[in-house]
Amino acid sequence: MEAAPGTPAFPYPFRAGPFRRRVRAWISASVPPGLTVPGRPAAHAEWERRLLGAGLVCPAWPRRYGGAGLGVPEVLVLEEECARAGVPRIGRGTGELVVGPVLLAHGTEEQRARLLPGIRSGRDTYCQAYAEPSHGSDPASVRTRGTVVGDEIVISGRKTWVHGARRAGTALVLCRTDPAAERHRGLSCVAVRLDEGNGTRVRPVRSADGTQDLCEVEFDGARAPLRDVVGGLGGGWPVVMTALAHQRAGRALASLTGFEAAFRDLVREAQKAGRTRDPLVRDQLARTYTRLALLRLTVADPPAAGAPGAGAAVTGLLRAEYRRRFGETALAVTGAAGLLGAGPGEEAGDPAGRWQRLFLSGRGDTIGDGTSEVLRDIIAERLLGLPAERNARSGALPVTRMPRMATAPHTVLELLARYAPESPAEHADVERVRSLVASGDPWRRSTPLHVTGSALIVHPDSGRVLLRWHQRHDSWLLVGGHADPEESDPLAIALREGREETGLTDLVPWPDAGVRHLVIVPVPANSREAAHEHADIRFVLATDTPDAIRPENPQAPLRWLTPGEARRVITEENIQETLSRVEPLLAD
């Protein structure tokens with residue numbers, strides 16, 4: 001996208017020329033007469049029809065669902081070329097950026113066929129309802145209840161900071177459907193119709209900048225069919241993690257062209273006012289340009305494949321911090337004029353009011369998609385492999401030393417390449433897992449066989465092992481479980497689950513990062529899921545602070561036992577086998 005005279009151009013991370021020329025030519029040939037003239041709804045409707053026909057509404061969606069299958073860089077080019085031509089790049093907001101990708105990742109084919117067309121056409125509009133007054137940025141602590149009654153789910157509770165609820169017809173609601181399950185394991189995501197006749201009430205909340213786009217939503221016996229539960233009952237945690245990742249990545253992408261236009265406008269204002277002769281102002285503008293260029297490079301050069309995961313925390317953090325700092329810079333550059341708001345007789349786009357609104361609304365951006373502090377924790381723990389910070393909820397002790405673990409992530413195949421099966425049956429299990437990895441996503445919970453990561457926690461100095469009581473299985477088990485959407489390293493999953501379930505922040509692989517046992521565990525059908533199998537990859541984790549254990553759930557107590565004591569209480573044969581492999585290490 002060409003810069004206006006006197007303003008800088010922004011870098012682009014890939015060879016966009018051929019694609020940009022094709023998009024520019026298509027727009028030039030397809031814009032209906034009168035589109036850029038205000039008050040021409042017929043021209044706007046025709047332009048929307050042509051974009052739909054070309055797959056350029058929801059362009060990142062696969063072609064089979066009406067999109068164009070574009071990657072992030074190509075979508076950015078489309079945004080820029082529409083802005084260059086002065087025509088709208090018609091989007092579908094939360095439905096396009098979040099709900100659609102969630103359905104593609106976790107929905108059934110029936111849900112996709114039924115719900116995606118309504119999003120793409122603009123008939124159905126969505127918002128997300130996760131946060132509650134009592135828990136802020138911790139979605140695992142939701143109290144909104146979802147009760148299954150026949151073939152419906154009844155929702156009761158209160159959500160806050162719901163963006164765009166007044167415009168939305170449906171909310172993707174995170175609720176607790178299994179109060180007995182551990183924190184994030186008893187959650188479900190359900191699409192709930194928003195109208196007072198369905199027991200919902202939307203109240204706008206006035207923000208500091210004067211807008212009322214954030215809302216509080218009360219659910220008083222709101223009903224939704226069970227077929228609108230995305231990811232299945234009890235499968236809400238991975239769904240909401242996917243949603244938050246796409247929300248952060250999608251908002252950053254959608255904001256770029258607006259950010260760049262606002263920066264150029266600010267430079268022009270500074271030039272008109274003679275402020276660019278001030279070296280401090282030039283320094284502020286240069287820093288702003290640098291931050292925006294870094295945001296563009298980060299957004300436009302995503303991982304080569306796969307959905308946004310923990311990496312979306314980087315783009316989300318850069319976007320939020322940029323917008324907050326840009327508002328501060330805009331007021332510093334424009335001086336007293338920037339403090340003026342638009343008066344009763346002035347247009348909403350008045351430049352003075354614009355800078356004030358940017359300054360005020362930017363503060364909320366560092367909270368709304370996960371606070372900057374939460375995003376930094378995700379980056380530190382999930383991307384950099386740093387130890388978890390003190391857990392305020394469990395009271396776990398702070399980290400006293402760096403975990404001794406490899407900085408590079410471990411893939412399933414890399415770990416299995418160094419693992420020697422001890423029996424023909426175990427060799428056959430390893431080959432099943434290799435085939436599973438080769439056939440697609442080995443972590444997807446909806447498949448009959450999927451990978452999990454777990455660990456036996458030990459205290460080498462005393463030779464004891466730690467077991468966790470599992471109420472549903474009525475037995476003592478290991479720590480561990482399923483991957484979050486952004487995870488693919490079995491060892492990292494075992495470490496995260498171990499820290500969350502025990503409060504031990506100093507857990508490290510011991511005596512190395514190797515797999516100690518691979519076992520395929522059958523899981524019988526229950527009220528929430530069909531019968532399936534876990535390909536459980538097991539490690540040993542060690543702690544130096546055994547007395548610091550804090551159970552995540554009071555109904556899942558933890559117990560330190562000698563190997564002999566553990567053998568007497570363990571009822572699962574496969575866990576007995578894991579213990580037999582670890583016991584010689586403790587005896588050395």
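Residues numbered from 1 in each chain as written. Predicted model: local features only at pLDDT ≥ 70, side-chain atom pairs only at ≥ 80, totals over all residues. Heavy atoms only, no water.

Peer 1: Residues and numbers for the side chain of Ser475, please.
Peer 2: With respect to the helices and strands, Ser475 occurs in strand β11 (residues 475–477). Setting aside anything within four residues of it in sequence, one finds Ser475 in contact with Arg468, Trp469, His470, Thr571 and Glu572. (Helix = DSSP H or I, 4+ residues; strand = E, 2+ residues; numbered from the N terminus. Contact = heavy atoms within 4.5 Å.)

Peer 1: An account of the pattern of salt bridges is requested, with residue identities and associated values reported.
Peer 2: Oppositely charged side chains can form a pair if their charged atoms are brought close together. On inspection of all chains with the given rule, the structure shows 46 salt bridges. The residue Asp213 makes a salt bridge to Arg167 at a minimum N-O spacing of 2.3 Å. Placement of Asp213 in the loop between β6 (200–205) and β7 (214–225) and of Arg167 in the loop between β3 (152–163) and β4 (170–176) is noted, with a sequence separation of 46 residues between them. One salt bridge connects Arg363 with Glu328, and the closest N-O pair in it is separated by 2.7 Å. Residue Arg363 is found in helix α9 (residues 351–368), and its partner Glu328 is found in helix α8 (residues 311–334); the two are separated by 35 residues along the sequence. Judged by relative accessible area, which is 26%, Glu328 ranks as partly exposed. Because the salt bridges share partners, they merge into one network encompassing Arg20, Arg24, Glu80, Glu81, Glu260 and Arg296. (Salt bridge = Lys/Arg side-chain N within 4 Å of Asp/Glu carboxyl O. Buried < 20%, exposed > 50% of the residue type's maximum accessible area, 1.4 Å probe, protein only.)

Peer 1: So, a nonpolar patch on the surface: which residues are in play, and what are the values?
Peer 2: On the surface, Leu383, Leu384 and Leu386 cluster together to form a nonpolar patch covering roughly 250 Å² of accessible area. Position of Leu384 relative to the elements: it lies in the loop between α10 (372–383) and α11 (412–417). (Patch = residues over 30% accessible without salt bridge, like charges linked within 9 Å, V, L, I, M, F, W, Y side chains within 5 Å. Areas by Shrake-Rupley, 256 points an atom, 1.4 Å probe, with all protein chains shown as cover.)

Peer 1: Give me the packing of helix α7 (residues 279–300) against α8: which residues, what numbers.
Peer 2: Relative to each other, α7 and α8 sit at 160°, their axes nearing to 10 Å. In terms of orientation, α7 lies roughly antiparallel with respect to α8. Crossing of α7 over α8 shows left-handed handedness. Across the interface between the two elements, Val281, Gln284, Leu285, Thr288, Arg291, Leu292, Leu295, Thr298 and Val299 from α7 touch Val314, Thr315, Leu318, Arg319, Tyr322, Arg325, Phe326, Thr329, Ala332 and Val333 from α8. When its residues are assigned to classes, the contact of α7 with α8 shows 11 nonpolar, five polar and three charged. (Axes fitted to C-alpha atoms, helices over the stretch in contact; angles between N-to-C directions. Parallel < 35°, antiparallel > 145°, perpendicular 65-115°, else oblique. Left-handed = near helix turned anticlockwise from the far one by under 90°. Nonpolar A, V, L, I, M, F, W, Y, C, P; charged D, E, K, R; others polar.)

Peer 1: Quick rundown of empty space enclosed by the protein? Include the residues and the values.
Peer 2: One pass over the full model with this rule turns up one cavity of 30 Å³ or more. There is about 100 Å³ of room inside the largest cavity. Lining of the largest cavity is provided by His184, Arg185, Gly234, Trp237, Pro238, Arg445, His482, Ala483, Asp484, Arg496 and Glu497. Sorting the residues of the lining of the largest cavity by element identifies α6 (236–272) and α13 (490–502) as the ones contributing at least two each. Class assignment of the residues belonging to the lining of the largest cavity gives a composition of three nonpolar, three polar and five charged. (1 Å grid on protein atoms, 1.4 Å probe; cavity = no way out; pocket = protein on both sides within 12 Å on 5 of 7 lines; lining within 4 Å. Points joined across faces, edges and corners; volume = space filled by probe spheres on them.)

Peer 1: So, the packing of helix α1 (residues 17–30) against helix α3 (residues 72–85): which residues are in play, and what are the values?
Peer 2: The geometry of α1 relative to α3 is characterised by a closest axis approach of 10 Å and an angle of 40° between their N-to-C directions. Judged by the angle between their axes, α1 and α3 are oblique. Crossing handedness for the pair α1 and α3: right-handed. Contacts between α1 and α3 involve Phe19, Arg20, Val23, Arg24 and Ile27 from the first element and Glu74, Val77, Leu78, Glu80, Glu81, Cys82, Arg84 and Ala85 from the second. Residues of the contact of α1 with α3, tallied by class, amount to seven nonpolar, no polar and six charged.

Peer 1: Describe the nonpolar core, with residues and values.
Peer 2: In terms of nonpolar packing, the biggest core is built from 65 residues, with Leu285 and Phe326 touching the most fellow members. No other element matches α6, which puts 15 residues into this core. When residues no more than four places from it in sequence are discounted, the contact partners of Leu285 are Phe263, Leu266, Val267, Ala270, Thr276 and Val333. Ranked by size, the runner-up nonpolar core spans 32 residues in total, among them Ala483, Leu504, Leu518 and Ile549. (Core = buried A, V, L, I, M, F, W, Y, C linked by side-chain atoms within 4.5 Å.)

None of this, on its own, says anything about what the molecule does.
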